[in-house]
Amino acid sequence: MHPLRRVLRAHRCLRWRPLASVSWLLLRTCRASCNLSSTTCPSPERQQEHGVQKDFSSRLATGPTFQHFLRNASVPQENLSSLDVEDPPPYLTVDQLLGRQRKVYLETYGCQMNVNDTEIAWSILQKSGYLRTNNLQEADVILLVTCSIREKAEQTIWNRLHQLRALKTKRPRSRVPLRIGILGCMAERLKEEILNREKIVDILAGPDAYRDLPRLLAVAESGQQAANVLLSLDETYADIMPVQTSPSATSAFVSIMRGCDNMCSYCIVPFTRGRERSRPVASIVEEVRKLSEQVLQLIHERDNICKQIHVPAQSGSSRVLEAMRRGYSREAYVELIHHIRESIPGVSLSSDFIAGFCGETEEDHLQTVSLLREVQYNMGFLFAYSMRQKTRAYHRLKDDVPEEVKLRRLEELITVFRKEATKANKTSVGCTQLVLVEGHSKRSSTDLCGRNDGNLKVIFPDVEIEDVTNSGLRVRAQPGDYVLVKITSASSQTLKGHVLCRTTLKGSSAYC
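The model shown is predicted, which means the values in this text are computed figures rather than measured ones.

A. Inspection of the confidence of the model for the chain at higher detail. Predicted confidence across the chain gives a mean pLDDT of 85, with 82% of residues reaching 70 or more. Every residue in residues 1-49 is under pLDDT 50, and counting partners more than four places away or in other chains gives 65 contacts.

So, in C-alpha cells, the structure goes:
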C-alpha cells in the first residue's frame, strides 16, 4: 500500500486526534514503507545500515502503538457510553489527567450550539475531577467558548483576552498558575494566530476536540501551549450527557446534529464545525428522557411550580393510536402515567381525547372508556373527530365513522370522564389548599375564583379575611394574592370552599 494511503486510511479512524498522534502515525507509516522497500530492492548502502535499522526498529516495536493514540476507532457511536476511560498517552500519567479539584470558569459567546458545547466541555472536565466556579477571581482555569460567525464576535474575544492578561500576570505565586483556553469556532479558524498573538493562551480546542481537554490542560501544566483543532467526520459527543452550567437556567438545548454541508457563500460554519453529521436517535431520546426526569423532580420539589401535567392520550386503543401515528401504545402510555404519579404524589392530570377517528370500532371506543376509568383524569378535553384537509388522514384514511356514532361515543366519554373526575376531585374535600387568586367568578360577583396547586378551579366567597403576614390586618383578596381555602365540595370541573386567610407562597407550607 502506498504510504500516503496508509496515512489517509488511518487518519479516518482517529477519534481523539491529539497532534502527537499524527506524528506517531507518520513515523509508523514511514517505518513500514522503509521495511517494504528494503525487502523488495535492497542496495549496498541499505545493507550496511541494516544493523542500525534493526536495532532502531526493535526499540520502536517495544514502544507505544497506534492504540495509545486512537480513541474508540472501531467502536460504533451507539456503544461509546459503555466503554471505560482510555489509558493516558505514554507521555502522561493518569494522575496528570485529573483535575485535582482545580476550579474552572466558563464563558460562552455566540449561538445556542456554543451553549451546548459549554455543557459538553464541562461534563468532560467534571468527570476528570475539576470543580466549577462562577467567580473569575478564584478560577484556576478560564475557558472561553468562542464564536467566529462575524468579525465583531472575534474582536469581543480579543478584547476579553486583553482584560484577562492582567489577571494572569498578577496571579500570586502561592497559587497554581492560571491557565486560559480558547474553545470552539475561533480556535478552529485562527489556530496558530491565537497562540502567536496572545501568549497568555495556554490551550486551543476546536469544536470536535473537547474530549481532549483533560490532556490539553495536563500538557499546559508543564508550561507548554497545547492545541487540538482537528475536525472529525463522526464526532457528535453522543455518549456525553451535557451538564447545565447555569443553576438558574429555565431552558435546555438538545443537540441533534453537528456541522453543516450547505456551504453558503457568506458562512464560516462549515470550516469551523466541519461536515454535517447527526447523533444516533437512541442518544437523543436518552438525553430527552433524562431532561424529563429532571423536570418531574423539579415539579415535585418546588412549591412555586404547579403540580399539574397535561398528557394527551387521544385514544385508549393501541390500534387507533398506530393509525393516528402517535408513536406509543396504550401500555406505554399507562406506564408513563404510573411513573409520573410515583414521581409527583398528588399530581393533577389532564388529557385530550378524540371520539370516532377513522376506522375506530366499538371495541376501540370501549378501550378508551376503560382508560378514562383507569387513569381518573382531573381535567379533560374531549371532541368528536372532524377530518382536516391536507392531513395524512385526509389523503390516506377514510372518515368512515358515522356522525351520529361519533356524537354518541363522545357523549359516553364525557359522561365517564365527569364521573371519574368527580371521584378524583372529591378526595380534596376537607383539605386546606393554597389558592392563587385570579379574580371574580364568572357566575357570581360575590365569589372569587382561583387555581390550586393542581391547576383546578377553586370558588370561594369574596369576604374580608385575616392577613397572616400582617397580624390584625383584615383585607379582601386581590388577583395575584395567595389564600388558604378549606375545600367543602367538588365536581368534575371545580372545587368550592371557605377562604381562611391571605398568606404567601413561602408561608403557606405550615398550613397545607
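B. How the structure looks around the side chain of S351. Its location among the elements puts S351 in strand β10 (residues 348-355). Apart from the residues within four sequence positions on either side, S351 is in contact with H310, V311, P312, A313, Y333, Y377, M379, G380 and F381.

C. Representation of the pairing of strand β3 (residues 141-146) within the structure. The buried fraction of β3 amounts to six of the six residues, a majority that puts the element mostly inside the structure. Burial of the side chains of β3 extends over both faces: V141, L143 and V145 are buried on one face and I142, L144 and T146 on the other. As defined by bridge partners, strand β1 (residues 103-108) adjoins β3 across five bridges and the pair is classed as parallel. By the bridge assignment for β3, E107 is matched with L144.

D. Expanded view of the nonpolar core. Grouped together as the largest cluster of nonpolar side chains are 27 residues, with contacts concentrated most on V104, L125, L143, L183, I203 and L213. Among the secondary structure elements, those contributing two or more residues to this core are β1, α6 (112-127), β3, β5 (203-205) and α10 (213-220). Considering every element that reaches this core, the biggest residue donor is α10, with six residues. Beyond its immediate sequence surroundings of up to four residues, L125 is in contact with V104, Y130, L143, L213, P214 and L217.

E. A look at the pattern of salt bridges. Taken as a whole and assessed by the stated rule, the structure comprises 36 salt bridges. Across the pair R277 and D208 runs a salt bridge, and its minimum N-O distance is 2.5 Å. Here R277 is found in strand β8 (residues 277-278), whereas its partner D208 is found in the loop between β5 and α10, with 69 residues between them in sequence. Side by side, R277 and D208 carry an identical accessibility label, which is buried. Here R451 makes a salt bridge to E438, at a shortest N to O gap of 3.5 Å.

F. Examining the pairing of β1 more closely. In this sheet, strand β2 (residues 131-132) lies alongside β1 in parallel orientation, the contact comprising two bridges. Along β2, the bridge assignment pairs K103 with L131. For the handedness criterion, the β-α-β arrangement of β1, α6 and β2 is classed as right-handed.

G. Up close: the packing of helix α14 (residues 330-343) against helix α15 (residues 362-375). Contact pair α14 / α15: the axes reach a minimum separation of 12 Å and the direction vectors enclose 10°. Taken together, the axis directions place α14 and α15 in an arrangement best described as roughly parallel. Residues R330, Y333, V334, I337, H338 and R341 of α14 lie in contact with α15, whose contacting residues are Q367, S370, L371, E374 and V375. Residues that form the contact of α14 with α15 fall into these classes: five nonpolar, three polar and three charged.

H. View of α10. Across the eight residues that make up α10, a large majority, eight, are buried. All buried positions along α10 are accounted for by L213, P214, R215, L216, L217, A218, V219 and A220.

I. Representation of a nonpolar patch on the surface in the model. Taken together, the side chains of V254, I256 and V288 present a nonpolar region at the surface, about 220 Å² in accessible area. In this structure, V288 sits in helix α12 (residues 281-301). Since its relative accessible area comes to 39%, V288 is described here as partly exposed.

Cut-offs used in this document
- Residues numbered from 1 in each chain as written.
- Predicted model: local features only at pLDDT ≥ 70, side-chain atom pairs only at ≥ 80, totals over all residues.
- Heavy atoms only, no water.
- pLDDT = per-residue confidence, 0-100.
- Contact = heavy atoms within 4.5 Å.
- Helix = DSSP H or I, 4+ residues; strand = E, 2+ residues; numbered from the N terminus.
- Buried < 20%, exposed > 50% of the residue type's maximum accessible area, 1.4 Å probe, protein only.
- Pairing = 2+ DSSP bridges.
- Core = buried A, V, L, I, M, F, W, Y, C linked by side-chain atoms within 4.5 Å.
- Salt bridge = Lys/Arg side-chain N within 4 Å of Asp/Glu carboxyl O.
- Right-handed = clockwise from strand over helix to strand, strands pointing away.
- Axes fitted to C-alpha atoms, helices over the stretch in contact; angles between N-to-C directions.
- Parallel < 35°, antiparallel > 145°, perpendicular 65-115°, else oblique.
- Nonpolar A, V, L, I, M, F, W, Y, C, P; charged D, E, K, R; others polar.
- Patch = residues over 30% accessible without salt bridge, like charges linked within 9 Å, V, L, I, M, F, W, Y side chains within 5 Å.
- Areas by Shrake-Rupley, 256 points an atom, 1.4 Å probe, with all protein chains shown as cover.

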